[in-house]
Amino acid sequence: MAARSFFLTLTRNGLRRKNIALRSISSSSETAPAEVPGTGADELVLDSSMNEGKDDLRSRIFRLRLPKRSVTNVLEKWVAEGRHIVASDLRSISRDLRRSRRYKHALEISEWMVSHEEYQLSDSDYAFRIDLMAKVFGIDAAERYFEALPSTEKTSETYTALLHCYAVLKLVDQVEELFKRINEDGVSLSSITYNELMTLYMSVGQLEKIPPVIEEMKVKNVALDLFTYNLWISSCAASLNIDEIRRILDTMSVIQGCDETYSKYIKLTKVYIFAGGLVNQDPGILVETEKGAITQRELISYDFLVILYGAIGNNEKLDQVWKSLRAIDRRLTGRNYICILSTYLMNGMDKEVLEVIEQWKLSAGSEFNISMCNKLMEALGDVGLGTVASQFRGILHECGCDASNGDDAATV
């Protein structure tokens, strides 16, 4: 399903930004995952144009453009000119190539590093290579490469890279078999691997498998991060288990050393539950779209991606999620609009708030509801954001919306 695939992509993209190694592995990991519409190809054009006229190694490689042209030849010529190539430069260039979806060229750089003994390969290099093998030659090639690695290189990073490749293809059985093997081998894992597993379960609708993963993390003393909590809360929200969400938020609020990001996430979630009327939703209702069918459960998952990216301040991903939701405008609910409005408001993005209000007023499928806006203001006040609530009231007035009809589902 397109919605689930996009959810999987965006969630993994977020996970990858937490860790330099996993950022190299994927998106997914951002899930190769489906690319977010409007990215990738444009990035490639930008990279090429920016390097015109330059004569550094990166510029020479990016000017190749066509996959059939050889990066290896460029590297050999560079060395023949008496120039040295440091490993950090190769890693940086290969990551940029991957972000531009030039997987073959990125893999050629990896091959160069493998074939030259002066480069000491790290776990991240092997993990990156597994991901590229899967993208260029397919999952079977990635499997063979992983199995051929010496036991010392079958680490948390390389195992997670292969697990990611399976998860991209939604191969649940293979993921679970590999995860069992990881445990049997006694490999110590971080939250990144568990998040990858839970993201897969969310994308295929197997929500019941998420709580056992959380319990395993607790038993093994693996620290839960914000992405873990978001996946856990999203699964509860999709099942309309509001009491469990509140218990999780209470737990998060007393975590020692948590930063402002956690506080913002907790506030956004509380606002969403109250102002979005989450308790009144039926997650099983199918909503038909031009691209198939999407359930309220999946729309709720999108909402929590909005909350997550809003909390961590990733406005680019926030806008991408909203753009994706806008593509199914006729099936959006007031809850979806309230979610994006609260997130933009908390991030001080007044221009975007104005735009969303106008979009909601013009929506073909969701009638503008001033009562929900009033509930949003009330919810903002309840979490200590009275100033933001007042600011929202002013924006509504600017848009010609009367925020005084508190209990009326007034339309504009």
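See the structure above.
To start, this report covers the structure provided alongside it. Just so it is clear, the structure is predicted and the values come from calculations on it, not from any experiment. (Residues numbered from 1 in each chain as written. Predicted model: local features only at pLDDT ≥ 70, side-chain atom pairs only at ≥ 80, totals over all residues. Heavy atoms only, no water.)

1. Quick word on helix H10 (residues 156-168)
So, step 1. Look at H10: 18 Å from first C-alpha to last across 13 residues, which is about the 18 Å you get at 1.5 Å a residue.
So, step 2. Of all 13 residues making up H10, twelve are buried, and the element is well covered by its neighbours.
So, step 3. For H10, the set of buried residues is Ser 156, Thr 158, Tyr 159, Thr 160, Ala 161, Leu 162, Leu 163, His 164, Cys 165, Tyr 166, Ala 167 and Val 168.
So, step 4. In the stretch just after H10, Lys 170 is the one whose phi turns positive, near 60°. (Helix = DSSP H or I, 4+ residues; strand = E, 2+ residues; numbered from the N terminus. Expected span 1.5 Å × (residues − 1). Buried < 20%, exposed > 50% of the residue type's maximum accessible area, 1.4 Å probe, protein only.)

2. Quick look at the state of the cysteines
So, step 1. The tally for this structure, following the rule as stated, stands at zero disulfides.
So, step 2. Sulfur of Cys 399: no disulfide; nearest cysteine sulfur belongs to Cys 401 and is 5.4 Å away. (Disulfide = S-S within 2.5 Å.)

3. Observations regarding the pattern of salt bridges
So, step 1. Tallying each qualifying case throughout the model produces 21 salt bridges.
So, step 2. Between Lys 154 and Glu 147 there is a salt bridge, and its shortest N-O distance comes to 3.6 Å.
So, step 3. Looking at Lys 154, the relative accessible area reads 18%, which means it is buried.
So, step 4. With relative accessibility at 40%, the residue Glu 147 sits in the partly exposed group. (Salt bridge = Lys/Arg side-chain N within 4 Å of Asp/Glu carboxyl O.)

4. Examining the side chain of Ser 342
So, step 1. Looking at the element boundaries, Ser 342 is found in helix H19 (residues 334-346).
So, step 2. Residue Ser 342 is classed as buried on the basis of its relative accessible area of 2%.
So, step 3. Polar side-chain contacts of Ser 342 include one of 2.8 Å to the backbone oxygen of Cys 339.
So, step 4. In this view, Ser 342 contacts Leu 268, Val 271 and Leu 376; residues no more than four positions away in its chain are not counted. (Polar contact = N/O pair within 3.5 Å; in protein donor to acceptor, adjacent residues only side chain to side chain. Contact = heavy atoms within 4.5 Å.)

5. A short note on the packing of aromatic side chains
So, step 1. Summed over all chains, the structure comprises eight aromatic pairs.
So, step 2. Through successive ring pairs, a cluster of aromatic residues spans Trp 322, Tyr 337, Trp 360 and Phe 368.
So, step 3. When the ring centre of Phe 62 is taken as origin, the NZ or CZ atom of Arg 58, which lies over that ring, is 4.3 Å away.
So, step 4. The aromatic ring of Trp 78 is capped on one face by Arg 83, whose charged end is 4.2 Å from the ring centroid. (Phe/Tyr/Trp six-rings, centres within 6.5 Å; stacked < 30°, edge-to-face > 60°. Lys NZ or Arg CZ within 6 Å of the ring centre and 35° of its normal.)

6. Digging into helix H20 (residues 350-361)
So, step 1. Along its twelve residues, H20 runs 17 Å from first to last C-alpha, staying within 8% of the 16 Å computed at 1.5 Å per residue.
So, step 2. Every buried residue belonging to H20 is among Val 353, Val 356, Ile 357, Gln 359 and Trp 360, and all of these are buried. Within H20, the buried residues cover an arc of 160° as seen down the axis, which keeps them to one side.
So, step 3. At its buried positions, H20 is contacted by helix H18 (315-326), H19, helix H21 (370-382) and helix H22 (386-398). (Arc of directions from axis to C-beta.)

7. Digging into the packing of helix H14 (residues 226-238) against helix H17 (residues 296-312)
So, step 1. Between H14 and H17, whose axes approach to 9 Å, the crossing angle comes to 150°. Judged on the interaxial angle alone, H17 and H14 are roughly antiparallel. Where H14 crosses over H17, the two elements pack in a sense that is right-handed. Within the contact between the two elements, H14 uses Leu 226, Phe 227, Asn 230, Ile 233, Ser 234, Ala 237 and Ala 238 and H17 uses Arg 297, Ile 300, Phe 304, Leu 308 and Ile 312.
So, step 2. The class makeup of the residues in the contact of H14 with H17 is nine nonpolar, two polar and one charged. (Axes fitted to C-alpha atoms, helices over the stretch in contact; angles between N-to-C directions. Parallel < 35°, antiparallel > 145°, perpendicular 65-115°, else oblique. Left-handed = near helix turned anticlockwise from the far one by under 90°. Nonpolar A, V, L, I, M, F, W, Y, C, P; charged D, E, K, R; others polar.)

8. Digging into the environment of Ile 395
So, step 1. Structurally, Ile 395 is set in helix H22.
So, step 2. A relative accessible area of 6% means that Ile 395 is categorised as buried.
So, step 3. Remark: the alpha-carbon pair of Ile 395 and Ile 357, spanning 38 residues in sequence, is separated by 9.1 Å.
So, step 4. In this structure, Ile 395 is in contact with Leu 345, Asp 350, Val 353, Leu 354 and Ile 357, ignoring residues within four places of it in sequence.

9. A look at the environment of Gln 391
So, step 1. Here Gln 391 lies in helix H22.
So, step 2. Owing to a relative accessible area of 31%, Gln 391 belongs among the partly exposed residues under this scheme.
So, step 3. For the pair Gln 391 and Asp 350, spaced 41 residues apart in sequence, the C-alpha separation works out to 8.9 Å.

10. Section: unusual backbone geometry
Leave glycine aside and you will find that most residues have negative phi; peptide bonds, for their part, are mostly trans.
So, step 1. Phi angles above zero are rare outside glycine, and Asn 221 is one such case at about 55°.
So, step 2. Summarising the element assignment, Asn 221 is placed in the loop between helix H13 (210-219) and H14.

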